[in-house]
Amino acid sequence: MIIDDQHYDVIIVGTGAGGGTLANRLAPTGKKILILERGDFMPLEEQNRANVDVFKKERYRSSERWYDQDGENFSPQTNYAVGGNTKIYSAALVRMREKDFEAVEHQEGVSPEWGLKYQDFEPYYTEAEKLYMVHGKTGNDPSEPDHSEDYPFPAVEHEPEFQTIVEVIAKQGLHPTSLPLSLTREEDDPTGDSEVFGIVPALKHDNVTLKTSAKVVCLITNSSGEAVRAVEAEINGQSYLFFGDIIVLACGAINSAALLLKSANHKHPNGLANSSDLVGRNFMKHKQTAMVELSVNPNSGQFLRSVSVNDFYWGDENFPYPMGHIENTGGLLQDIIFAESPPILSVLAKGMPGFGLEQLAKRSIGWWLYTETLPNADNRVRVDGDKIYVDFTPNNSEAHDRLVYRWIDVLKAGEKNLGGSVFEKLAVYPRGEVPIQTVANQCGTCRFGEDPQTSVLDLNCRTHDLENLYVVDSSFFPSSSSVPPALTIIANALRVGDHLKSKI
């Protein structure tokens, strides 16, 4: 084992939305910061998805194998690179609603109250939107929470084919609104991520060191077990040991939980920070369905997402429980998660002989529908030796089904108003739920709270059990809400960064 001769004030494990943003926040302090990233810098041609075939599923999947609750192995769609999963996300940065931070009754149970409220996050949401150059517009979404400032950049204009659809949806009394997006304004890679807005600015400071291809395999505590003393990582087949005063995990909800469990020792036989037996438990990922309409006129297949609809976020006149969030997919030739959903376009192809996937993608208008999954202690990440298991049974299914069928009614009414000039007449709307392999929007495996018996982290995202160990990815979420978690992860990393400034 090689022992690094440096001692760091802070060691950050992971460079995604949490780790990359935290590095940016702490870099100006002048403190000695080490960032460990399992992957390397992602080639530009891989980042610019207009140049790649997203239907090659292996392109954005890890080579490692995880296991589902039946013991079947799968290759997860998770990205090991500088910037983490923000390199392959949709760049939609949406605020959780004020009520999402409260206890909310759903048909299948209660979404728990957060220990902090929307007003605690609001200043950091505003700051996150500035840092990540979010393009959006307030004022048209009935569920939109209060903003202390407007978005820093104007909303993305809808593609011409979508502008017509937006107008028809609005005529039904609904409120289609601009989807807030992180954009770099660079042609070669327009969507923003934590490499661009987090890691690159942090590395301009001499006190920050980034080591890539560094897979962290264990956290080593001091003899009392009260603090983490060192981080063990594998780099080019060699084991390295790095020493630091404060250790921050930002590996993603699944990998952070797995690392804590794998780091068990005689003082922490069930895994680090796990006196509550909650590490890895309450794993959540949205109920997420992709749906397509077949367009008469072809499109480029490579445009950005731009539309969201939240009129059914808290339910409708026939269902008094939350249903969820809707947004368009953007061009299907660059939507990675869509390519991972069940073969929706193959269903269309059966009815349209002679059409390939690319041709159908260019004639399809896609929609994403998200519904909150409720925390369940039996939905969990666990480890057996070196194997990672993800035990997950979806819930809140009727709410999601109602959202799907309610949206089909909206689409049918819109198509009727448009006549046959925009959409092909279809008896069905091909759709499919995202499978377990797609672990997008993962959260909840190390929930935060004030009671060490019912939470893993305190409200500053420090573990209750170890005085110098923090987690700043989506692990801390007590509930998932129905919007993508990225902006809340970023805002929280800024918040925790401010706390850590007083500790280093």
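Residues numbered from 1 in each chain as written. Predicted model: local features only at pLDDT ≥ 70, side-chain atom pairs only at ≥ 80, totals over all residues. Heavy atoms only, no water.

So, the overall build of the protein
When helices and strands are counted, the protein shows 11 helices and 21 strands. Here the protein has a C-alpha radius of gyration of 22 Å; the compact-globule value for 504 residues is 23 Å, and the two agree. C-alpha extents for the protein along the principal axes are approximately 75 × 45 × 45 Å. Looking at the protein as a whole, 61% of its 504 residues are labelled buried. Put simply, the protein shows about 19000 Å² of open surface, and 45% of that area lies on carbon and sulfur atoms. Each charge class in the protein can be summarised by its mean position, and for the 46 positive and 70 negative side chains these summaries are 2 Å apart. (Helix = DSSP H or I, 4+ residues; strand = E, 2+ residues; numbered from the N terminus. Rg over C-alpha atoms; globule rule 2.2 N^0.38 Å. Buried < 20%, exposed > 50% of the residue type's maximum accessible area, 1.4 Å probe, protein only. Areas by Shrake-Rupley, 256 points an atom, 1.4 Å probe, with all protein chains shown as cover. Lys, Arg positive; Asp, Glu negative; His and termini not counted. Charge placed at Lys NZ, Arg CZ, Asp CG, Glu CD.)

Concerning the side chain of Gln 288
Position of Gln 288 relative to the elements: it lies in strand β14 (residues 287–294). Not counting residues up to four positions away in its chain, the partners in contact with Gln 288 are Ile 337, Trp 368, Leu 369, Tyr 370, His 400, Gly 432, Glu 433, Val 434 and Asn 441. (Contact = heavy atoms within 4.5 Å.)

Side note on the nonpolar core
Burial of nonpolar side chains together is a common tendency in soluble globular proteins. Ranked by internal contacts, the top residues of the largest apolar core, which has 100 residues, are Ile 11, Leu 219 and Val 248. Sorting elements by how many residues they give to this core places helix α11 (residues 486–501) first, with nine residues. If you look at the next biggest cluster of nonpolar residues, it comprises 24 residues, including Val 309, Phe 312, Trp 407 and Tyr 429. (Core = buried A, V, L, I, M, F, W, Y, C linked by side-chain atoms within 4.5 Å.)

Thoughts on the environment of Gln 288
A relative accessible area of 4% means that Gln 288 is categorised as buried. Along the chain, Gln 288 and Ser 482 lie 194 residues apart, while their C-alpha atoms are 9.5 Å from each other.

Focus on the sheet that holds strand β18 (residues 380–384)
One open sheet accounts for four strands, arranged β4-β3-β19-β18; its pairing is mixed. With one partner strand each, in any of the chains shown, β4 (73–74) and β18 form the two edges of the open sheet. As defined by bridge partners, strand β3 (residues 66–68) adjoins β4 across two bridges and the pair is classed as antiparallel. Paired with Trp 66 across the bridge in β4 is Phe 74. (Pairing = 2+ DSSP bridges.)

Thoughts on the pattern of salt bridges
Per the stated rule, a full pass over the model turns up 22 salt bridges. For Asp 193, the salt bridge identified is with Lys 87, shortest N-O distance 2.9 Å. Remark: Lys 87 occurs in the loop between β4 and β5 (104–106) and Asp 193 occurs in the loop between β9 (181–182) and α5 (194–202); sequence separation between them is 106 residues. The same class applies to Asp 193 and to Lys 87, which are both buried. Sharing partners across several salt bridges, the network here consists of Arg 25, Glu 127, Asp 498 and Lys 501. (Salt bridge = Lys/Arg side-chain N within 4 Å of Asp/Glu carboxyl O.)

Some details on the pairing of strand β11 (residues 214–221)
In terms of strand pairing, β11 meets strand β12 (residues 228–235) through seven bridges, oriented antiparallel. Opposite Ala 214, over in β12, you have Ile 235 as the bridge partner. Taking the residues that link successive antiparallel strands as the turn, the β11-β12 hairpin has six residues, and the phi of Gly 225 there is positive, at about 75 degrees.

Observations concerning the packing of helix α1 (residues 17–26) against α11
At their nearest, the axes of α1 and α11 sit 8 Å apart, and the two run at 35 degrees to each other. Considering only the axes of α1 and α11, their crossing is right-handed. Note on element contacts: α11 touches α1 through Ala 486, Ile 489, Ile 490, Ala 493, Leu 494, Val 496, Gly 497, Asp 498, Leu 500 and Lys 501, opposite Ala 17, Gly 18, Thr 21, Leu 22, Arg 25 and Leu 26. A class-by-class count of the residues in the contact of α1 with α11 yields 10 nonpolar, three polar and three charged. (Axes fitted to C-alpha atoms, helices over the stretch in contact; angles between N-to-C directions. Left-handed = near helix turned anticlockwise from the far one by under 90°. Nonpolar A, V, L, I, M, F, W, Y, C, P; charged D, E, K, R; others polar.)

A word on the pairing of strand β2 (residues 33–36)
Of the two faces of β2, the one holding Ile 33 and Ile 35 and the one holding Leu 34 and Leu 36 are both buried throughout. In this sheet, β2 lies alongside strand β1 (residues 2–13) in parallel orientation, the contact comprising four bridges. By the bridge assignment for β2, Val 13 is matched with Leu 36. Sheet topology places β2 next to strand β10 (residues 208–211); four bridges connect them, and they run parallel. Residue pairing for β10: Leu 36 is matched across the bridge by Lys 211.

Considering the sheet that holds β14
The antiparallel open sheet is built from six strands, whose spatial order is β8-β15-β16-β17-β14-β20. Looking at the sheet topology across the chains shown, the edges are occupied by β8 (177–178) and β20 (431–433). Contacts from helix α4 (residues 160–170) reach β15 (307–309), β16 (325–328) and β17 (364–371) within the one sheet, and its direction differs from that of β17 by about 50 degrees.

Describing the environment of Met 291
Relative to the helices and strands, Met 291 is located in strand β14. Owing to a relative accessible area of 0%, Met 291 belongs among the buried residues under this scheme. When the C-alpha atoms of Met 291 and Asn 328 are compared, they prove to be 9.3 Å apart, with 37 residues separating the residues in sequence. Setting aside anything within four residues of it in sequence, one finds Met 291 in contact with Ile 365, Gly 366, Trp 367, Leu 369, Val 404, Trp 407, Ile 408, Leu 411, Tyr 429, Pro 430 and Arg 431.

Comments concerning the packing of aromatic side chains
On inspection of all chains with the given rule, the structure shows 22 aromatic pairs. Their ring planes at 80 degrees and their centres at 6.0 Å tell us that Trp 114 and Phe 121 sit as a pair that is edge-to-face. Between Tyr 313 and Trp 314 the ring centres are 4.8 Å apart and the planes differ by 75 degrees, which places this aromatic pair in the edge-to-face class. Taken together, the ring pairs connect Phe 101, Trp 114, Tyr 118, Phe 121, Tyr 125, Phe 448, Phe 476 and Phe 477 into an aromatic cluster. If you follow Lys 99 out to its NZ or CZ, it ends over the ring of Trp 314, 4.9 Å from the centre. Looking at Arg 382, its charged tip hangs above the ring of Tyr 389, at a distance of 4.3 Å from the centre. (Phe/Tyr/Trp six-rings, centres within 6.5 Å; stacked < 30°, edge-to-face > 60°. Lys NZ or Arg CZ within 6 Å of the ring centre and 35° of its normal.)

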